[in-house]
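# Understanding the architecture of this molecule
Here are the chains, one letter per residue:
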Amino acid sequence: MDLQYDVIIIGSGPAGLTAAIYATRANLTTAIIEGDTPGGKLTKTYEIENYPGFERISGVDLAMQMMEHGQKFGAVMEFSPVTEIDDEGEFKLVHLGDGRVLTTRAVIVATGTNERQLDLPRAKEFTGRGISYCAVCDGAFYRSKEVAVIGGGNSALEESLYLTQLVNKVNIIIRRDVFRADATVVDKVRNNPKINIITKSLPQELVIEDNAIKGLVIKNVETGELSTVDCAGIFPYMGADPATGFLKNLNILDERGYIVVNKDMETAVPGIYGAGDVTVKDLRQVVTATNDGAIAANACARYLNR
Ligand code: NAP
């Protein structure tokens, strides 16, 4: 078999890029495969305040520095989505969307998660022109206007705080009456005069006039009462699901689709590892993703040297 790499890392977020640094420094020939945006979810994050060494850094800046560092010791970048992995024992075949099949001895999967989409009539049609999953990318389109953010996790609240620098008013819509985000962020949100919190409500229908979003009809989950939130933009931050559709044949996923790993980030298939948000874990953070990447690459080097 024509072996191309010792290890292929799938995904170029913090977990994948850290794995690349450790793998290349262990002298493994390494490829990083990215099917979407290099840098992962960091590139859609306004600011990071909890990555040691950086009291405050923009997500894009941290992603760029990690990208540069991740390739510094010789990792090769390949751009194409992975469609399937075949486990042939000592060799793994990585099938790409562009038709190529790469051969490797080990794989580290660090594909992260995909945002949950707003499931309303015509939502797809208005994604990118009224509905956005990236406040950092699209927030400026709504300067001096009113927007709605759906969800009460860290992403929703942190991006709402970012949006207040641009827009007149942010309506945060949550389905319960408690947030899922860290206490410090919740405090900042509660004390921000530009933020209006609407509890116990779910999005029901888009209000569209002149082919543009003008508002969002919401339904109170207790009373069933409908009301309309005026807004020119809608930012759904309703959590995410693991990006593991291409792994279904390997039997390494839990019932929600996350990769099951042990403390060395090994899956049940020898030579295949998971790292970062895509794995079963409690704390999904940049710092825990980098930790996973280092452990996975280290375990992988040991496996390949055996
Ligand atoms: P999350 O923590 O899972 O929060 C999702 C939010 O969306 C929750 O408020 C949830 O409501 C709501 N939601 C889910 N499905 C919904 C639906 N169908 N309709 C309406 N609302 C819905 O997701 P996340 O904020 O994307 O964060 C993902 C992970 O990354 C978390 O572990 C988070 O801590 C981490 N993260 C960390 C940071 C940081 O530390 N700086 C920043 C961003 C993300 P319920 O609460 O009612 O379920």
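Fair warning: this is a prediction, and the values are worked out from it, not measured in the lab. (Residues numbered from 1 in each chain as written. Predicted model: local features only at pLDDT ≥ 70, side-chain atom pairs only at ≥ 80, totals over all residues. Heavy atoms only, no water.)

Let us look at the overall build of the protein. What the protein contains, in helices and strands, is 7 helices and 18 strands. For 306 residues, the compact-globule estimate of 2.2 N^0.38 gives 19 Å, and the C-alpha radius of gyration of the protein, at 21 Å, lies within 12% of that figure. Relative to its full complement of 306 residues, the protein shows a buried share of 51%. In the protein, the proportion of contacts linking residues at least 24 apart, taken out of those at least 6 apart, comes to 58%. Accessible surface, the protein as shown: approximately 14800 Å² in total, 47% of it carbon and sulfur. (Helix = DSSP H or I, 4+ residues; strand = E, 2+ residues; numbered from the N terminus. Rg over C-alpha atoms; globule rule 2.2 N^0.38 Å. Buried < 20%, exposed > 50% of the residue type's maximum accessible area, 1.4 Å probe, protein only. Contact = heavy atoms within 4.5 Å. Areas by Shrake-Rupley, 256 points an atom, 1.4 Å probe, with all protein chains shown as cover.)

Once the domains are mapped, the protein shows domain 1 (5–115 + 240–305) and domain 2 (135–236). Each of domain 1 and domain 2 was reduced to a C-alpha centroid, and the two centroids are 32 Å apart. With 5 residues of domain 1 at the contact, the number on the domain 2 side is 6 residues. Of the roughly 550 Å² buried between domain 1 and domain 2 on both sides combined, carbon and sulfur atoms contribute 49%. Summed over the shared surface of domain 1 and domain 2, the result is 1 salt bridge. The partner of Lys188 in a salt bridge is Glu49, with the nearest N and O atoms 3.4 Å apart. Taken together, the connections running from domain 1 to domain 2 amount to 2 residue pairs in polar contact (both at pLDDT 80 or more). Taken together, the residues of the side of domain 1 that touches domain 2 sort by class into 1 nonpolar, 1 polar and 3 charged. (Domains from an automatic or database assignment. Buried area = accessible area lost by both parts, 1.4 Å probe. Salt bridge = Lys/Arg side-chain N within 4 Å of Asp/Glu carboxyl O. Polar contact = N/O pair within 3.5 Å; in protein donor to acceptor, adjacent residues only side chain to side chain. Nonpolar A, V, L, I, M, F, W, Y, C, P; charged D, E, K, R; others polar.)

Moving on: helix H1 (residues 14–25). Helical geometry note: an α-helix holds 3.6 residues per turn, so side chains three or four residues apart project in the same direction. In this model H1 runs 17 Å from its N-terminal to its C-terminal C-alpha over 12 residues, within 8% of the 16 Å that 1.5 Å per residue would give. Taking burial as the measure, the 12 residues of H1 include 10 buried ones, the bulk of the element. Tucked inside the fold, the buried residues of H1 contact strand S1 (5–10), strand S2 (30–34), helix H2 (59–71), strand S8 (101–109) and helix H7 (286–305). Of the residues flanking the end of H1, it is Asn27, one or two places downstream, whose phi is positive at about 65 degrees. (Expected span 1.5 Å × (residues − 1).)

A few words now on the state of the cysteines. Inspection of every chain in the model, using the stated rule, returns 1 disulfide. Across the disulfide, Cys134 is cross-linked to Cys137 (sulfur-sulfur distance 2.0 Å). Handedness of the Cys134-Cys137 disulfide follows from its S-S torsion of about 70 degrees: it is right-handed. The closest cysteine sulfur to the non-disulfide-bonded Cys231 is located on Cys134, 18 Å from its own sulfur. (Disulfide = S-S within 2.5 Å.)

Let us now look at the packing of aromatic side chains. One pass over the structure, following the stated rule, counts 4 aromatic pairs. Measuring from centroid to centroid gives 4.1 Å for Tyr46 and Tyr162, while their planes differ by 35 degrees, and the two rings are tilted. A residue pair is termed long-range when its members are at least 10 positions apart, and Tyr46 in the loop between S2 and strand S3 (47–48) and Tyr162 in helix H5 (residues 154–163) qualify at 116 residues. Classification of Tyr46 as partly exposed rests on a relative accessible area of 24%. The interplanar angle of 25 degrees and the centroid separation of 6.1 Å between the aromatic rings of Tyr51 and Phe54 together place this pair among those described as stacked. Relative accessible area serves as the criterion here: at 18%, Tyr51 is assigned to the buried category. (Phe/Tyr/Trp six-rings, centres within 6.5 Å; stacked < 30°, edge-to-face > 60°.)

Here the focus is the site of the ligand. In the vicinity of the ligand there are 17 residues, among which Gly152, Arg175, Arg176, Arg180 and Gln285 approach most closely. In this structure, an oxygen atom belonging to the ligand sits 2.9 Å away from a side-chain N or O atom of Arg175. At 2.7 Å from an oxygen atom of the ligand is found a side-chain nitrogen or oxygen belonging to Arg180. Protein chains bury 76% of the 910 Å² of accessible surface belonging to the ligand in isolation. Top contributing element to the shell around the ligand by residue count: H5, with 3 residues. Tallied by class, the residues present in the shell around the ligand amount to 3 nonpolar, 8 polar and 6 charged. (Near = heavy atom within 4 Å.)

Along the polypeptide, Cys231 turns up in the loop between strand S15 (226–230) and strand S16 (233–236). You can call Cys231 buried: its relative accessible area is 4%. For the pair formed by Cys231 and Tyr142, sequence separation is 89 residues and the distance between their alpha carbons is 9.3 Å. Ignoring any residue separated from it by four or fewer positions in sequence, one finds Cys231 in contact with Glu146, Val147, Ala148, Ile213, Lys214, Gly215 and Leu216.

All right, on to the nonpolar core then. Counting 34 residues, the largest nonpolar core has Val7, Leu62 and Ile108 as the members making the most contacts within it. A per-element tally of this core places H7 first, with 9 residues. Beyond its immediate stretch of four places on either side in the chain, Leu62 contacts Leu42, Ile48, Tyr51, Phe54, Ile57 and Val286. Counting 22 residues, the second-largest nonpolar core is a separate cluster that includes Tyr142, Val167, Val170 and Val185. (Core = buried A, V, L, I, M, F, W, Y, C linked by side-chain atoms within 4.5 Å.)

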